[in-house]
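# Topology and contacts: notes
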Amino acid sequence: MAQPLDDLRARLTGDVLVVGDREYERARLCFNLLIDRRPAAIARCVDVDDLATALAFGQARGLEIAVRGGGHNPAGHCVVDDGLVIDLSRMRDVRVDREKRIATSQGGATWLDFDTATQAHGLITPGGVVGSTGVTGLTLGGGIGHLTAQYGLTCDNLIAAELVTPAGEIVRACDDQNPELLWGLRGGGGNFGVVAQAEFRLHPLQHVVGGRLEYKGEGVTEALRLFRELANNGPRELSVQAQLTTDSSLAPQLVVVPCYSGEAEAPEALRSLRAVSGLVNDGVRRQGFLEQQRIFDPGYGVDRNYWKGHFVAELPDRLIDDLIGCMTTLGRPPGGILIESLHGAPKGLDPASAALDYRNAAFNISAMASWTDPAYDEESIDWTRKTAAAIEPWSVSGGYANYMQADEPIERVRAAFGPDSFARLQALKARYDPDNVLRRNQNIPPAG
Ligand SMILES: Cc1cc2nc3c(=O)[nH]c(=O)nc-3n(C[C@H](O)[C@H](O)[C@H](O)COP(=O)(O)OP(=O)(O)OC[C@H]3O[C@@H](n4cnc5c(N)ncnc54)[C@H](O)[C@@H]3O)c2cc1C
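Residues numbered from 1 in each chain as written. Predicted model: local features only at pLDDT ≥ 70, side-chain atom pairs only at ≥ 80, totals over all residues. Heavy atoms only, no water.

Our focus in this paragraph is the pairing of strand β2 (residues 41-44). Neither face of β2 is open: one carries A41 and A43, the other I42 and R44, and all of them are buried. In this structure, strand β1 (residues 15-17) lies alongside β2, joined through three bridges in antiparallel fashion. Considered in β2, the bridge of L17 is made with I42. The pairing of β2 with strand β4 (residues 84-87) spans four bridges and is classified as parallel. (Buried < 20%, exposed > 50% of the residue type's maximum accessible area, 1.4 Å probe, protein only. Helix = DSSP H or I, 4+ residues; strand = E, 2+ residues; numbered from the N terminus. Pairing = 2+ DSSP bridges.)

Here you go:
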């Protein structure tokens, strides 16, 4: 392999890492330590020509190919044993056209790169809540975050993309060119090509009322019920997420994270959440949007993760009680259960504009086990599955592709899109990647 890799090195403007190179270990590391794979080579591309070269090289040598953006996908799709990683971590430039309110983001940019560039102009697009997550990877799976109620899913704000297909074509997808491909990119994942750059609609926003509200004891149930009311009836200017965790005594604890961008000092619904008697920490205040984006700030590559969840149409009292009960079944901190509200803007947008089928759900509820000791792998995975099974009776579609592990059956991937959209995605796959070269993702097998 040494000679062919020398050829690849000579043809790339970027660089190629192999075992033994100083940066190889860092470059193969995923956010999720459960994934531990050693690729034959990591091609760190710097432009669209590099992407095409690496894609052609991998196919010519019969290497399995993985595409890496921010490295966050819990399934570890960004790294492959003995194969070729096409790594976009050197393609992180974000350009802002302030007049047109459009950001052009290179395929490896993270949300910290993106928000820093757009906030310099007082603009944003709704993205993920952790700065090191890849913009493109998150967008291709949908995108839920602190501004979902206000501006929709991230993919609703994707207006164009430039891709390199496995055949080496450079294709632009926008309303006027290849609109079916643009539709497929809004939720259909990294199935159709490697995205060199993507364009996003921007919105003016500088400050929000946000932060963490933490509850313990009896307050956990009451606050979760109020969170549900707020999500069901709250104004469109207020996005909200909730996370169940445990405190140091292993008792359930709730963190609610609102993000309000309206004119009022604070809406009524938020005031009632702040009045719950079990509130032990009120960190809500008016702050810059970059501050809000630092609320969840987990370390990269520090723990093992296994996630599974469902979109649900409601959050009944019984489910609230079951979820709180699940937090104590393991006898040690299991990780968390994340509840993301999908009220507001996702409902008002044309469902036919994106491939995904979950915008009518009320919440996305995900059991997210995290732990460090490999001895706990089996029981942590088991906890996730059992907790997800408690949510399943209320499920209204498959799971969220962005949080899926690699062991999800194809039925769950199909259900996330619905049968008609899945068939359209399969036709797109047959057109742009008929040999399924890009299969390290929540895979859509080519039609036929
Ligand atoms: C800590 C953490 C926080 C998260 N927060 C959120 C959140 O707030 N909201 C949310 O919706 N999701 C969130 N996610 C989920 C996240 O959006 C998905 O896991 C997403 O796939 C991560 O993208 P990435 O580029 O970081 O990951 P990678 O693992 O690098 O990439 C995942 C896959 O995306 C595709 N991909 C990435 N870049 C490209 C590209 N340029 N061209 C073609 N395909 C590409 C490839 O198929 C790749 O295998 C979070 C995940 C973690 C671990």
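This part takes up the pairing of strand β20 (residues 363-371). Within β20, eight of the nine residues are buried, which leaves the element mostly enclosed by the surrounding structure. When strand β19 (residues 335-341) meets β20, the two strands line up antiparallel, connected through seven bridges. In the sheet register, G336 faces β20, and the bridge partner there is M368.

The pairing of strands in a sheet comes from backbone hydrogen bonds and takes either a parallel or an antiparallel form. Reading across the sheet, the five strands line up as β5-β6-β10-β8-β9 and stay open at both edges, with antiparallel pairing between neighbours. Single-partner strands in this sheet number two, and they are β5 (94-97) and β9 (170-174). Put simply, the sheet's adjacent strands are angled 15° from each other on average, direction ignored. Its contacts with the sheet put helix α3 (residues 48-60) on β8 (158-164), β9 and β10 (194-201), and the angle it makes with β8 is roughly 50°. (Axes fitted to C-alpha atoms, helices over the stretch in contact; angles between N-to-C directions. Contact = heavy atoms within 4.5 Å.)

The next thing to look at is the site of the ligand. Residues in contact with the ligand amount to 35 residues; listed here are only the nearest, G69, G70, G71, I144 and Y400. At 2.7 Å, a backbone N or O of G69 approaches an oxygen atom of the ligand. V129 places a polar main-chain atom, nitrogen or oxygen, 2.9 Å from an oxygen atom of the ligand. Protein contact buries 96% of the 950 Å² of open area that the ligand shows by itself. Among the secondary structure elements, those contributing two or more residues to the shell around the ligand are β3 (65-68), α5 (135-140) and β10. Counting residues per element, the shell around the ligand draws most heavily on α5, which supplies four residues. Residues belonging to the shell around the ligand are distributed by class as follows: 16 nonpolar, 17 polar and two charged. (Near = heavy atom within 4 Å. Polar contact = N/O pair within 3.5 Å; in protein donor to acceptor, adjacent residues only side chain to side chain. Areas by Shrake-Rupley, 256 points an atom, 1.4 Å probe, with all protein chains shown as cover. Nonpolar A, V, L, I, M, F, W, Y, C, P; charged D, E, K, R; others polar.)

Spatially, the four strands line up as an open sheet ordered β1-β2-β4-β3, and their pairing is mixed. Edge positions in the open sheet fall to β1 and β3, since each of these has one partner strand only. Within this sheet the neighbouring strands show an average axis-to-axis angle of 20°, counted without direction. Against the sheet, helix α1 (residues 2-11) contacts β1, β2 and β4, and its axis sits at roughly 150° relative to β1. Helix-sheet contacts for α3 involve β2, β3 and β4, and the interaxial angle to β4 is about 170°.

For residues other than glycine, phi is negative in most cases, and the peptide bonds are mostly trans. Not every positive phi belongs to a glycine, and N178 is a case in point at roughly 50°. For N178, the position within the fold is in the loop between β9 and α7 (179-185). When its relative accessible area of 25% is taken as the criterion, N178 is described as partly exposed. Of note, L250 is a non-glycine position whose phi angle comes to about 70°, a positive value. With respect to the helices, strands and loops of the structure, L250 is situated in the loop between β14 (238-246) and β15 (252-260). For L250, a relative accessible area of 28% corresponds to the partly exposed category.

With 44 residues, the main nonpolar core has Y215, I339 and I365 as its most contacted residues. Counting residues in hydrophobic clusters, the runner-up holds 34 residues, among them V94, W111, F200 and I444. (Core = buried A, V, L, I, M, F, W, Y, C linked by side-chain atoms within 4.5 Å.)

Structurally, the position occupied by D377 is in helix α13 (residues 377-391). Within the local environment of D377, its side chain forms a polar contact with the side chain of R304, the two groups lying 2.8 Å apart. Beyond its immediate sequence surroundings of up to four residues, D377 is in contact with L34, R304 and W371.

Enumeration over the complete set of coordinates arrives at 29 salt bridges. Across the pair R38 and E25 runs a salt bridge whose closest N-O atoms are separated by 2.8 Å. Linking R38 in the loop between α2 (24-27) and β2 with E25 in helix α2, this pair joins segments that are 13 residues apart in sequence. Ionic pairing is found between R412 and E408, a salt bridge with its closest N-O pair at 2.9 Å. A cluster of three or more residues bridged by salt bridges with shared partners is formed by D15, E23, R44 and R90. (Salt bridge = Lys/Arg side-chain N within 4 Å of Asp/Glu carboxyl O.)

When two helices pack together, their arrangement is given by the angle between the helix axes and the distance between those axes. Between α1 and α3, the shortest axis-to-axis distance is 10 Å and the interhelical angle comes to 165°. The orientation of α1 relative to α3 falls into the category roughly antiparallel. Here α1 and α3 pass one another in a crossing that is right-handed. Every residue of α3 that contacts α1 at P4, L5, L8 and R11 is listed here: D50, T53, A54 and F57. (Parallel < 35°, antiparallel > 145°, perpendicular 65-115°, else oblique. Left-handed = near helix turned anticlockwise from the far one by under 90°.)

Moving on: the side chain of S421. Turning to its location among the elements, S421 is positioned in helix α15 (residues 419-432). Take S421: its relative accessible area is 16%, and that puts it in the buried class. Contacts of S421, omitting those with residues within four sequence positions, involve W183 and A355.

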